[in-house]
Amino acid sequence: MKLLVRHQTIYRYSASAGRVAMRLKLMPVNTPAQKVLEWQVSVNDELLTGFRPNSYGEKEAIWIRHDRLDNAVIVAEGLVETHESHGVVGHLESRVDPRYFLRDTRLTRASEGIAAMARDLPEQDGPLAMLHALSAAVSDAVQYRAGVTTSDTTAAEAFALGAGVCQDHAQVFIAAARSIDIPARYVSGYLLAGEGDVLHETHGWAEAYVPSLGWIGFDPSNRVCVTERYLRVASGLDADEAAPIRGSVTVAGDIWIDADVRIAQAEDGVEERQLQKQQQQSTPPPHSAG
């Protein structure tokens, strides 16, 4: 499957910003499950070429402006060929031992309830079956409900609430897996929604490590292992570290953020026409981040 993506993020400042620094994790890399055919990232219509591999084997760049700035428009767009691997991402190039992803963070620290859920799973035939059971248990324990959590909500808080969105599902899964000594990490990327569904934002899921297979993607929000409809971009210990855009700004006043993702299945020979069509789509009006 070929996936055509256009991800636009607009930052608007009520007073001109004096300094803006952003870390961008917006450049997907090749894996056994995906091949990047075309991709570019621009900021205010200027191509960003400073992407370098990080210790995870993924790419990131730093964009800094010291002069006055009223807005920043970040666009990541391109074409990626994905393959059905039944969730198995494999042994990716990385300078980090998988055991590093046993480390807790504030967002992924397991509560006693999360740890008990993992401990109380029925006995399974091997770690892969255990992880499938864990993903189902997370889906059952945390109902999908938009608007009840924020990007700052911890796994423990979402589990106690019993509701949340994809970030919460992934972080509860990660916390539970680590509590039974299985390395797990957060992944950010894109999902081609099913027919009739509308998804104009990035998506988040989890990967867990099984030595015989490597990394395996689980999406408790949709009760599946990742498929060819998923495009992987970045990973981290939690959603904050794996965020596509993180930054700091010196500004007196409010900041408005608007993000919009357009993703479609491309057909051979018509990618350019489809991309132009996506570029012409209007972006919803900005909303206040505060």
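Just above sits the structure.
Residues numbered from 1 in each chain as written. Predicted model: local features only at pLDDT ≥ 70, side-chain atom pairs only at ≥ 80, totals over all residues. Heavy atoms only, no water.

Caption draft 1: Quick peek at helix α4 (residues 166-179). For α4, which comprises 14 residues, the first-to-last C-alpha distance of 20 Å matches the rise-based estimate of 20 Å (1.5 Å per residue) to within 8%. α4 sits mainly inside the fold: 13 of its 14 residues count as buried. One or two steps after α4, the chain reaches Asp-181, where phi turns positive at roughly 65°. (Helix = DSSP H or I, 4+ residues; strand = E, 2+ residues; numbered from the N terminus. Expected span 1.5 Å × (residues − 1). Buried < 20%, exposed > 50% of the residue type's maximum accessible area, 1.4 Å probe, protein only.)

Caption draft 2: Main features of the nonpolar core. Grouped together as the largest cluster of nonpolar side chains are 30 residues, with contacts concentrated most on Ile-114, Met-117, Leu-131, Leu-134, Val-172, Phe-173 and Phe-218. Within the residue set of this core, elements represented by two or more residues are α1 (112-119), α2 (127-141), α3 (155-161), α4, β11 (184-191), β12 (203-210) and β13 (214-219). The leading source of residues in this core is α4, at seven residues. Dropping the residues within four chain positions of it, Phe-218 is found in contact with Leu-128, Leu-131, His-132, Ser-135, Phe-173, Trp-205, Ala-206, Ala-208, Val-224, Cys-225 and Val-226. Listed in part, the 29 residues of the second largest apolar core include Tyr-11, Tyr-13, Leu-26 and Tyr-190. (Core = buried A, V, L, I, M, F, W, Y, C linked by side-chain atoms within 4.5 Å. Contact = heavy atoms within 4.5 Å.)

Caption draft 3: Local environment of the packing of α1 against α4. Their axes nearest at 8 Å, the elements α1 and α4 cross at an angle of 65°. Comparing the axis directions of α1 and α4 gives the class roughly perpendicular. Read as a crossing pair, α1 and α4 show a hand that is right-handed. Seen from α1, the contacting residues are Ile-114, Ala-115, Met-117 and Ala-118; seen from α4, they are Val-172, Ala-175, Ala-176 and Ser-179. Classifying every residue of the contact of α1 with α4 gives seven nonpolar, one polar and no charged. (Axes fitted to C-alpha atoms, helices over the stretch in contact; angles between N-to-C directions. Parallel < 35°, antiparallel > 145°, perpendicular 65-115°, else oblique. Left-handed = near helix turned anticlockwise from the far one by under 90°. Nonpolar A, V, L, I, M, F, W, Y, C, P; charged D, E, K, R; others polar.)

Remember that the coordinates give geometry; whether it matters functionally is a separate question.
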